[in-house]
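# Understanding the architecture of this molecule
Take a look at the letters that make up each chain.
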Protein chains: 2
Amino acid sequence: MKKLIGIDLGGTTIKFAILTENGEVQQKWSIETDISNNGRNIVPNIIESIKYHLEIYGLSREDIIGIGMGSPGSVDLENGTVIGAYNLNWESLQPVKEQIENGTGIPFFIDNDANVASLGEQWIGAGKGSNNVVFVTLGTGVGGGIIAEGKLVHGVGAAGEIGHINVDPNGYTCTCGNIGCLETVASATGIVRLARDMSEQYAGESKLKYLIDDGQQVTAKIVMDQAKENDPLAIKVLDKFNFYLGLACGNIANVLHPETIVLGGGVSAAGQILINGVDHYFQKYTFPQIRNSTKIKFAELGNDAGIIGAASLVKRQS
Amino acid sequence: MKKLIGIDLGGTTIKFAILTENGEVQQKWSIETDISNNGRNIVPNIIESIKYHLEIYGLSREDIIGIGMGSPGSVDLENGTVIGAYNLNWESLQPVKEQIENGTGIPFFIDNDANVASLGEQWIGAGKGSNNVVFVTLGTGVGGGIIAEGKLVHGVGAAGEIGHINVDPNGYTCTCGNIGCLETVASATGIVRLARDMSEQYAGESKLKYLIDDGQQVTAKIVMDQAKENDPLAIKVLDKFNFYLGLACGNIANVLHPETIVLGGGVSAAGQILINGVDHYFQKYTFPQIRNSTKIKFAELGNDAGIIGAASLVKRQS
């Protein structure tokens, strides 16, 4: 049985996997990302690591149908190039596909990292078996990917900018320059921003308020943990977060009517308390027919979504 | 050269067209919709009308590749059935495809009317040549259709409920039961609602306010016409409408990054004043990369969008 290779290229590590055609991960390894020298070593390191591991596992290039990779930056799917991946120091155009195909002799496919993770969840994760899946990552930023009628939606190129859905025209200024983007309130830093602002106006007893006023470092995890312990301010903060995320998910669903909206990323680790709250507002802002059929679920593949989704690019495009 | 037949089934009239494979309308006619007797005459009338006109135009059923139809109500694409089309008195399941194929001997395809109109605009109208088009109809209600990566998006079935995107969580109650749907402020009745509400709080001189206070019938067209004549209240109402519609279009674009957002329906007849205003807010609420590439345009096919889009179903599915 032939295999797939999936690569998740990040600013700190590059993750690799060898998978069956059904998406089962058989081998997994990772190397550090060497961003020195304008990131010039990255692609040669990837090629070398693939060759080395194929040898270790007794595989030849004929055993591999193709290599798929998720990359940060702006990806040109057709030409297989990447530009503007600043966390890799790739400021100029990188002919990744050409280099990797020349170096390995294996067909290569690429897409951006958020899209690739959503493909993973749709293939064998929380969106398995569904042709209409929306993936929302809640991490340092808020990103996502859209699969509609079985196709990954790129639009002109930047589809899936879920973090920049406007949820409050009178809200906070975003790094993109706009006001009120979802990312300003639903990312890890966004939750802390909400907590700090709401703390100033909060007069009652609250551990969270004490931590903030005391100048201690407050993270999204601390806010979520305090909410689970019924801290009254933390509950208010979480409710506001849920409102914004539920509104954004509701509006996406009104447009696309997906079977599943998958929440992933570090912030989603807060667990059931978060799904329940988001779903409350989701119900409130969706058209009845949609409300009764679209489900909000947690991502299931964790850090493997990238390598698995990357491998699925091969099956989609080859 | 073989032909297509397109049908636009409405509550008052049924429009028909015979088109070339390139979407050129060669013949056009219409009949009244007979909704008596639970709409039982509708399909027989359609069959009879097609047979009669094929004969008139000297065409046989072998000259026709297929018949496509846009229908109100809830359409089952695969089985070709319609249910819950209340303006046709079709409350129970109608086996439309089966009846029309049996009656004409020609392959038949069906989708809902808003989707079909967007296919028309994407095929040979304002979205021509683009694989990513969003169509928004501003009429008695607000509806729409989504084409992503060349595919019409149905999702679980109700995708394209653009009128129920939430644009104001503290807004007006919608017919769907939710609060703050786009339809409550951007439909023809929505604009009048805005005008009445804003008139109550408006103290200055205004013809529009005079008409409202005088108890005269005020329509969306009157509001738009007054705005064009620089009536200060009408300009405020139009600006509010533009804000809501620009916000909704912006959020759709942040998710799907279409090349074109096509505005159609009666309200869009207001013309350039409307595009400029909507675009102002659209720019404000979209991610920079999207703002610079997605264009807002008026529909080009007018009432023919339905018959043309319906005919395109044949090309898409046969």
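Residues numbered from 1 in each chain as written. Chains lettered and ligands numbered in written order. Predicted model: local features only at pLDDT ≥ 70, side-chain atom pairs only at ≥ 80, totals over all residues. Heavy atoms only, no water.

### Digging into the overall build of chain A
Counting secondary structure elements, chain A contains twelve helices and twelve strands. A compact globule built from 318 residues should have a C-alpha radius of gyration of about 20 Å, and chain A, at 21 Å, falls within 12% of that. The principal-axis extent of the C-alpha atoms belonging to chain A is close to 65 × 45 × 35 Å. Per-residue burial for chain A yields a buried fraction of 57% across its 318 residues. Across chain A, every contact between residues at least 6 apart in sequence was considered, and the portion connecting residues at least 24 apart equals 61%. Carbon together with sulfur atoms contributes 46% to the accessible area of chain A, which is approximately 12900 Å² in total. Between the averaged position of the 24 positive side-chain charges in chain A and that of its 34 negative side-chain charges there is a distance of 5 Å. (Helix = DSSP H or I, 4+ residues; strand = E, 2+ residues; numbered from the N terminus. Rg over C-alpha atoms; globule rule 2.2 N^0.38 Å. Buried < 20%, exposed > 50% of the residue type's maximum accessible area, 1.4 Å probe, protein only. Contact = heavy atoms within 4.5 Å. Areas by Shrake-Rupley, 256 points an atom, 1.4 Å probe, with all protein chains shown as cover. Lys, Arg positive; Asp, Glu negative; His and termini not counted. Charge placed at Lys NZ, Arg CZ, Asp CG, Glu CD.)

### A closer look at the pattern of salt bridges
Residues and elements named next belong to chain A. In total, this model carries 14 salt bridges over all chains according to the counting rule given. Here Glu21 makes a salt bridge to Lys315, at a shortest N to O gap of 3.9 Å. Of this pair, Glu21 sits in the loop between strand 2 (13-20) and strand 3 (25-32) while Lys315 sits in helix 12 (residues 305-317), placing them 294 residues apart in sequence. Note on Glu21: relative accessible area 27%, which makes it partly exposed. Among the residues examined, Lys315 registers a relative accessible area of 41% and is labelled partly exposed. (Salt bridge = Lys/Arg side-chain N within 4 Å of Asp/Glu carboxyl O.)

### Focus: the side chain of A:Gln226
Position of A:Gln226 among the secondary structure elements: in helix 8 (residues 220-228). Ignoring anything within four residues of it in the chain, the contact list for A:Gln226 reads A:Lys207, A:Leu208, A:Asp231 and A:Ala234.

### Considering the interface of chain A and chain B
Taken together, the contacts link 42 residues of chain A with 42 residues of chain B. In total, about 3300 Å² of surface goes out of reach between chain A and chain B, with carbon and sulfur atoms giving 63% of it. Considering only the surface of chain A that becomes buried against chain B, A:Glu149, A:Val156 and A:Val255 emerge as the three largest contributors, covering 18% of it. Counting the contacts that link chain A with chain B gives 22 residue pairs in polar contact (both at pLDDT 80 or more). For the side of chain A that touches chain B, the element with the most residues is helix 9 (residues 232-256) of chain A, which contributes seven residues. The class makeup of the residues in the side of chain A that touches chain B is 22 nonpolar, 14 polar and six charged. (Buried area = accessible area lost by both parts, 1.4 Å probe. Polar contact = N/O pair within 3.5 Å; in protein donor to acceptor, adjacent residues only side chain to side chain. Nonpolar A, V, L, I, M, F, W, Y, C, P; charged D, E, K, R; others polar.)

### Some details on the domain arrangement of chain A
Residue and element names in this part refer to chain A. According to the domain assignment, chain A consists of domain 1 (3-119 + 304-317) and domain 2 (129-299). The centre of domain 1, based on its C-alpha atoms, is set 30 Å off from the matching centre of domain 2. Here domain 1 meets domain 2 over a buried area of about 720 Å², counting both sides, of which 59% is carbon and sulfur. When the buried surface of domain 1 facing domain 2 is broken down by residue, Asn115, Ser118 and Arg316 rank first, second and third, together holding 55% of it. Between domain 1 and domain 2 we count zero salt bridges in total. Counting across the interface, domain 1 meets domain 2 through two residue pairs in polar contact (both at pLDDT 80 or more). Take the side of domain 1 that touches domain 2: its biggest share by element is five residues, from helix 4 (residues 113-124). Residue classes in the side of domain 1 that touches domain 2 are distributed as four nonpolar, two polar and two charged. (Domains from an automatic or database assignment.)

### Notes on the nonpolar core
The biggest cluster of nonpolar side chains holds 117 residues, and the ones touching the most others in it are A:Phe241, A:Leu256, B:Phe241 and B:Leu256. Sequence-distant contacts of B:Leu256, that is, excluding residues within four places in its chain, are made with A:Ile146, A:Val153, A:Gly155, A:Ala159, A:Val255, A:Leu256, B:Val134 and B:Ile146. The next biggest cluster of nonpolar side chains, apart from the first, holds 27 residues, and it includes A:Ile42, A:Val43, A:Leu54 and A:Ile100. (Core = buried A, V, L, I, M, F, W, Y, C linked by side-chain atoms within 4.5 Å.)

### Here we look at the pairing of strand 3 (residues 25-32) of chain B
All names here are of chain B. In the sheet, strand 2 (residues 13-20) pairs with strand 3 via seven bridges, with the strands oriented antiparallel. From the neighbouring strand, Ala17 faces strand 3, where its bridge partner is Lys28. Connecting the antiparallel pair strand 2 and strand 3 is a turn made up of four residues, with Gly23 showing a positive phi of about 90°. (Pairing = 2+ DSSP bridges.)

### Quick notes on the environment of A:Val218
All names here are of chain A. The residue Val218 is located in the loop between helix 7 (207-213) and helix 8 in this model. A sequence separation of ten residues divides Val218 from Leu208, and the C-alpha atoms of the two residues are 8.3 Å apart. Discounting chain neighbours no more than four positions away, the residues touching Val218 are Val192, Leu208, Leu211, Ile212 and Val223.

### Examining the sheet that holds strand 12 (residues 295-298) of chain B
Residue and element names in this part refer to chain B. The mixed open sheet is built from five strands, whose spatial order is 10-9-8-11-12. If you trace the sheet from one side to the other, it starts and ends with strand 10 (151-152) and strand 12, each paired once. Direction of pairing for strand 8 (residues 133-138) relative to strand 9 (residues 142-148): antiparallel, over a ladder of six bridges. Across the sheet, Thr137 pairs through a bridge with Gly143, a residue of strand 9.

### Digging into the relation of the copies chain A and chain B
Of the two same-sequence chains, chain A is brought onto chain B (RMSD 0.0 Å, axial shift 0.0 Å) by a rotation of 180°. Classification of the inter-copy transformation places it as that of a two-fold axis. Same-surface contact between copies: 100% of interface residues of chain A are shared with the interface of chain B. (Least-squares fit on C-alpha atoms with pLDDT ≥ 70 in both.)

### Structural notes on the sheet that holds strand 2 of chain A
Residues and elements named next belong to chain A. Read across the sheet, five strands follow the order 3-2-1-4-7 without closing on themselves; strand pairing throughout is mixed. Looking at the sheet topology across the chains shown, the edges are occupied by strand 3 and strand 7 (108-112). Along the sheet, successive strands turn relative to each other by an average axial angle of 15°, direction set aside. Here six bridges tie strand 1 (residues 3-9) to strand 4 (residues 64-71), and the two strands are oriented parallel to one another. What sits directly across from Ile7, in strand 4, is Met69. (Axes fitted to C-alpha atoms, helices over the stretch in contact; angles between N-to-C directions.)

### Looking at the pairing of strand 8 of chain B
Residue and element names in this part refer to chain B. With respect to burial, strand 8 is a largely interior element, five of its six residues being buried. Sheet topology note: the strand 8/strand 11 (residues 260-264) ladder contains five bridges and is parallel. In the sheet register, Thr137 faces strand 11, and the bridge partner there is Gly264.

### Describing the state of the cysteines
Residues and elements named next belong to chain B. Applying the stated criterion across every chain yields a total of zero disulfides over all chains. Sulfur of Cys176: no disulfide; nearest cysteine sulfur belongs to Cys181 and is 3.7 Å away. Residue class for Cys176 comes out buried when judged on its relative accessible area of 16%. Just so you know, Cys249 is unpaired, no disulfide at all, and the nearest cysteine sulfur is the one on Cys181, 15 Å from it. (Disulfide = S-S within 2.5 Å.)

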